[in-house]
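Spelled out, the chains give:
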Amino acid sequence: MSIDATPANAHPSLHTRSANAAKRKRKDRMMTGLLIFCVTLVLIPIALILYQVVQRGIGAMSWEFLSKVQPFAQRREGGGYLNGLFGTLYLLVIAVTVAVPLGIATATFIVEYKDSKLSPVIRFFTDVMSGVPSIFIGLYIYALLVQGRIGFSIGFSTLAGGLALSLLMLPIVARASEEVLRLVPDDLRNAAFGLGARRWQVVTKTVLPAASSGLITGSMLAVGRAAGETAPLLLTALGAFVVTPALVNAPQSALPLLIYNEARGPFDAAHARAWAGALELMLLVLILTIVARAVNRNHDMEQ
Amino acid sequence: MTATDTTEGVAGRPSLAGTKSSADKWFRWLLTIAGTSVLVILATMMMFTVFDAWPVFRHEGWSFVFSSTWDPGVSRTEITGQYGALAFIVGTLLTSAIALVVAVPLSIGTALYLTHAAPRAIKNPLTYAVELLAAVPSVVYGLWGLLFFVPVVLRPIMDFVAGTLGSFIPFLGPPVVTYNYFAAGIVLAIMVLPIITAVTREVMSKTPASEIAAAYALGATRWEMMRFVVLHRARPGIIGATMLGLGRALGETIAVAMLVGGSKLIGHSIFLGGQSMAGIIAVTFQEAAPENVKALIGVGVVLFVITIIVNVAARGIVLLTGGHVTGDAAL
């Protein structure tokens, strides 16, 4: 940088601090203090919520909690959320099976077929879909599949709940995948084309493998989000007291549903179970997030 | 392309130029179908829900959104009850507004600190900590608010405010019930903080280094630099982030349903109980008679339309300002 002409002493006030400068300095310090106050205020709920869930959750956590189903009466002590854990995992398997391939395919279309007129349209509506309230997705699956508007009904069931979660995950997977696919350098594509690969070969054998760790990370984050959802499950999976292996026509339970139901009641025993359930659910989400980040980091290191 | 001679020479096959691999065509079709599934899902979402709720819309007309008499009937076939969802619309808008009033200044402060004031050593841990808030499931917020935060932490604050400010400011007066618009709004603020912070941080970190240097060269203090360079540039991004947060707040169901109090009337103070649109669906759906279910689906449609408008506007603003909605919290 070249600084021209004006010598520094042309402006005397740069060297002699005016009264105004002291005032400005004070204001600067005050505002920095205010920013730190903001951050502290944000950190308080983080600390509180983590502390409360861990402390109260561990108090109620036991082998019995992990291996038994809840008692029929909320006021009874003991029992656990095995039905909820089983249901949550079952629902997530269905959701992942539907949402991950569909989401990645959507992202692939948006990125690899940029020339198509549909590509920006689909990108826009993927964004729109990520803003749909989760309860509305529940209403949609209810109207479409549970109630049987299209000629057949699957009832309140694992499949209905899983599909609702998959619709919730779909835009998240698609958007995360899209960002990852955009990062794949064009050189890689050109090299593959140069070797005589067809477009489908370029995509499936070069682009997707190159992006694989990022795709996994995006999907995991989506699973983490879906695992904690309650609202759509209220209208689709409904909830159950027992471990339910059935796919259709039998209501399914899930950890968030159990927490919601037992937290609302007046019973201490139920509240204790709800805290333990919250700890269980947050550990599940945490494990998914850590695995997702670890996959991403390993890949970054390889490169 | 002069593929003719080379390919014939090498493989003894006719020219590849001009032929299209059928595998390519199939692949393209497959991806197109996957992509359009999003459009189909959104279109059928609108179609089926409006179709289901139509009898209620026709029965109520505009009073569906302008009346606050919610008196569900129990009929299987016809509409016998009265369905005016105004109280829930007010509940949703009020809790979201309280959430934004609290969350936006805090988010801007946090983002400003993280991008331009935080020491390097604590910058990353702090960013992680804020993103951690986004990873907490909403039902856990509900549980925590219901059993600890609202009765233990917020209740004394609400009593104090109602007792002092409430004596001369309308909407803040006593009586205070424990679970109310304000309590739901505050917990909602904690929930939308990460997304607003994430997007704001993204926009602020894009401030050109040359402009920052220029401000310092003119003798600005750090606050003046933030005020006149960073905040000035980030303003449209902040608006976009706020609206994304609004979209999230409007659609949030479980935490609000657990904390807003569950009254079907419009409370005339923010310390009185109410109900949100998503909340009334979640809470009453399982015991609702068929005609009531139709009305609840109608409430869902209204909520859907409001959130979509807010979200599209938000993404548009963020996009126009050259920002880019990224980060785990923003997804």
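Quick caveat: nothing in here was measured; it's all calculated off a predicted structure.

Caption draft 1: How the structure looks around the overall build of chain A. What chain A contains, in helices and strands, is 11 helices and zero strands. The order of α-helices and β-strands along chain A, N terminus first, is α-α-α-α-α-α-α-α-α-α-α. Against the globule reference of 19 Å for 303 residues, chain A gives a C-alpha radius of gyration of 27 Å, more extended than a compact globule. Summarising its shape, the C-alpha atoms of chain A cover approximately 85 × 65 × 40 Å along the three principal directions. The long-range share in chain A, meaning contacts at least 24 apart out of those at least 6 apart in sequence, stands at 73%.

Caption draft 2: How the structure looks around the confidence of the model for chain B. All names here are of chain B. Within chain B, residue pLDDT values average 87, and 91% of them lie at 70 or more. Predicted confidence is poor over residues 1–13, with pLDDT under 50, and the contacts of this stretch with residues over four places away or in other chains come to 12 contacts. Interface confidence for the predicted complex, given as ipTM, is 0.89, next to a pTM of 0.89.

Caption draft 3: View of the environment of A:Arg293. All names here are of chain A. For Arg293, the position within the fold is in helix α11 (residues 268–302). Residue class for Arg293 comes out partly exposed when judged on the 15 C-beta atoms lying within 10 Å of it. Note: C-alpha distance between Arg293 and Ala176 (117 residues apart in sequence) is 13 Å.

Caption draft 4: Up close: the environment of A:Glu178. Residue and element names in this part refer to chain A. Mapped onto the elements, Glu178 comes out in helix α6 (residues 158–183). Take Glu178: there are 20 C-beta atoms within 10 Å of it, and that puts it in the buried class. Excluding residues within four positions of it along the chain, Glu178 makes contact with Ala107, Ile110 and Val111.

Caption draft 5: Representation of the nonpolar core within the structure. Residues A:Met169, B:Val187 and B:Leu259 are the most contacted members of the largest nonpolar core, which totals 193 residues. What A:Met169 contacts, discounting residues up to four positions off in sequence, is A:Ala95, A:Ala99, A:Gly103, A:Ala222, A:Val223 and A:Ala226.

Scoring rules and cut-offs
- Residues numbered from 1 in each chain as written.
- Chains lettered and ligands numbered in written order.
- Predicted model: local features only at pLDDT ≥ 70, side-chain atom pairs only at ≥ 80, totals over all residues.
- Helix = DSSP H or I, 4+ residues; strand = E, 2+ residues; numbered from the N terminus.
- Rg over C-alpha atoms; globule rule 2.2 N^0.38 Å.
- Contact = placed C-beta atoms within 7 Å.
- pLDDT = per-residue confidence, 0-100.
- Buried ≥ 20, exposed ≤ 12 C-beta atoms within 10 Å, placed from the backbone.
- Core = buried A, V, L, I, M, F, W, Y, C linked by C-beta atoms within 7 Å.

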